[in-house]
Amino acid sequence: MRTATAPAASLALLLVSGASQAALKSESVSYHVNGQEFTGYLAYDDASTAKRPGILIVHEWWGHNAFAREQADKLAQEGYTAFALDMYGSGKLADHPDEARAFMQEATADGDQLRQRFVTAMEWLQRHPTVDSERIAAQGYCFGGAVVLNMARQGIDLDGVVSIHGSLASPIQAEPGKVKARVQVYTGGADQMVPPDQVAGLVKEMQTAGVDLSLTSFPGVTHSFSNPRADAMADQFDLPIGYDRAAAERTWRGTLAFYRELFDQ
């Protein structure tokens, strides 16, 4: 895998805090893209000195929150260096759907800006001393699932991407020979935000472009099925979302199997 570059992006690292849990090391990371500060979260097993694959995690539309950091910790426990990046900017964490929508719309208004934010975080992860820079993947949830799919569509040099209850439709379309990543998608069969026409459209798009796609649809499962906090959010804001333990566990097992195959582990 080739190392990506992000034009006009400056990156300043500040290890804000560190925590150790057995061999697991986690750090909050402050970095900059075009003068704006972003705060990510890095997790890895510091008991090993071997270089390992790096996994980027892109948060839901709420912003960089505890759920994204928890996924980084889980991946670190599996032997990866995981970086839960920030697509909105430091301090931008929504506690209401209207605020989440505004943050998401700002981030996606400029496609070049969105790409730059992703690639800057990717470059930082590639430079981390625990990471094999030639072995990088990305997984995203909800908004983040759409982001990682669009990075794959644009030919970002990722080995694989995993979209988990992410939007599947996009004005960016995969083109034959452009997509480098293998693509894995998990979606809910009763997800009102990702209706069947989106699912069918993605399959047609990826088949036409010759992309290696694996897609799992869970019957009767709604949006945000992997997040245990989804039920509380559904009740509080009357949202058509909900946690499904069986789907979440199958998604996690499938994602790990995908990475093991991807990185020949």
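Each remark here, short or long, concerns the structure printed above.
Residues numbered from 1 in each chain as written. Predicted model: local features only at pLDDT ≥ 70, side-chain atom pairs only at ≥ 80, totals over all residues. Heavy atoms only, no water.

(A) Focus on the overall build of the protein. Within the protein, the secondary structure is distributed over seven helices and nine strands. What you see for the protein is a C-alpha radius of gyration of 17 Å, in line with the 18 Å of a compact globule of 265 residues. When the backbone C-alpha atoms are referred to their principal axes, the protein occupies close to 45 × 45 × 35 Å. The 265 residues of the protein split such that 54% are buried. Sequence-distant contacts, at least 24 apart, represent 66% of the contacts inside the protein between residues at least 6 apart. Carbon and sulfur atoms provide 49% of the accessible area of the protein, an area that totals close to 11,300 Å². Counting 22 positive and 32 negative side-chain charges, the protein places the centres of these two groups 5 Å from one another. (Helix = DSSP H or I, 4+ residues; strand = E, 2+ residues; numbered from the N terminus. Rg over C-alpha atoms; globule rule 2.2 N^0.38 Å. Buried < 20%, exposed > 50% of the residue type's maximum accessible area, 1.4 Å probe, protein only. Contact = heavy atoms within 4.5 Å. Areas by Shrake-Rupley, 256 points an atom, 1.4 Å probe, with all protein chains shown as cover. Lys, Arg positive; Asp, Glu negative; His and termini not counted. Charge placed at Lys NZ, Arg CZ, Asp CG, Glu CD.)

(B) Quick peek at the environment of Glu70. Mapping Glu70 onto the fold places it in helix H1 (residues 66–77). Considering only alpha carbons, one finds Glu70 and Tyr41, 29 residues apart in sequence, at a separation of 9.8 Å. Within the structure, the side chain of Glu70 is placed 2.6 Å from the side chain of Arg229, a separation counted as a polar contact. (Polar contact = N/O pair within 3.5 Å; in protein donor to acceptor, adjacent residues only side chain to side chain.)

(C) Inspection of the nonpolar core at higher detail. Formed by 55 residues in total, the largest nonpolar core has its most connected members in Leu56, Phe83, Phe118 and Leu158. Tallying contributions element by element places helix H3 (residues 111–127) first for this core, with seven residues. Core analysis: the second largest hydrophobic core is formed by 28 residues, Ala43, Ile55, Ala72 and Ala82 among them. (Core = buried A, V, L, I, M, F, W, Y, C linked by side-chain atoms within 4.5 Å.)

(D) The pairing of strand E9 (residues 213–218), seen in detail. Examined bridge by bridge, strand E8 (residues 182–188) and E9 share six bridges and lie parallel to one another. In the sheet register, Gly188 faces E9, and the bridge partner there is Phe218. You can see the chain leave E8, run along helix H5 (residues 196–209) and come back into E9, and the turn it takes is right-handed. (Pairing = 2+ DSSP bridges. Right-handed = clockwise from strand over helix to strand, strands pointing away.)

(E) Spotlight on helix H7 (residues 245–262). The end-to-end C-alpha separation of H7 is 25 Å, in line with the 26 Å expected for 18 residues at 1.5 Å each. Ala247, Ala248, Thr251, Trp252, Gly254, Thr255, Leu256, Phe258, Tyr259 and Leu262 are the residues of H7 that are buried. At the exit of H7 stands Asp264, carrying a positive phi of roughly 55°. (Expected span 1.5 Å × (residues − 1).)

(F) Representation of the pairing of strand E2 (residues 24–33) within the structure. In terms of burial, E2 is largely enclosed, as seven of its ten residues are buried. As defined by bridge partners, E2 adjoins strand E3 (residues 36–45) across ten bridges and the pair is classed as antiparallel. Residue Leu24 lies in a different strand from E3, and its bridge partner there is Asp45.

(G) Spatial organisation of the side chain of Asn227. Within the secondary structure layout, Asn227 lies in the loop between E9 and helix H6 (230–237). Of the residues examined, Asn227 reaches a relative accessible area of 6% and is grouped as buried. Within the structure, Asn227 has its side chain in polar contact with the backbone nitrogen of Arg229 (distance 2.9 Å). For Asn227, the contacting residues outside a window of four places in its chain are Glu60, Phe67 and Tyr243.

(H) The packing of H3 against helix H4 (residues 143–153), seen in detail. Where H3 contacts H4, the axes come no closer than 11 Å and their chain directions differ by 90°. Classified by the interaxial angle, the pair formed by H3 and H4 is roughly perpendicular. Facing H3, whose interface residues are Leu114, Arg115 and Phe118, H4 presents Phe143, Val147, Val148 and Met151. For the contact of H3 with H4, a count of residues per class yields six nonpolar, no polar and one charged. (Axes fitted to C-alpha atoms, helices over the stretch in contact; angles between N-to-C directions. Parallel < 35°, antiparallel > 145°, perpendicular 65-115°, else oblique. Nonpolar A, V, L, I, M, F, W, Y, C, P; charged D, E, K, R; others polar.)

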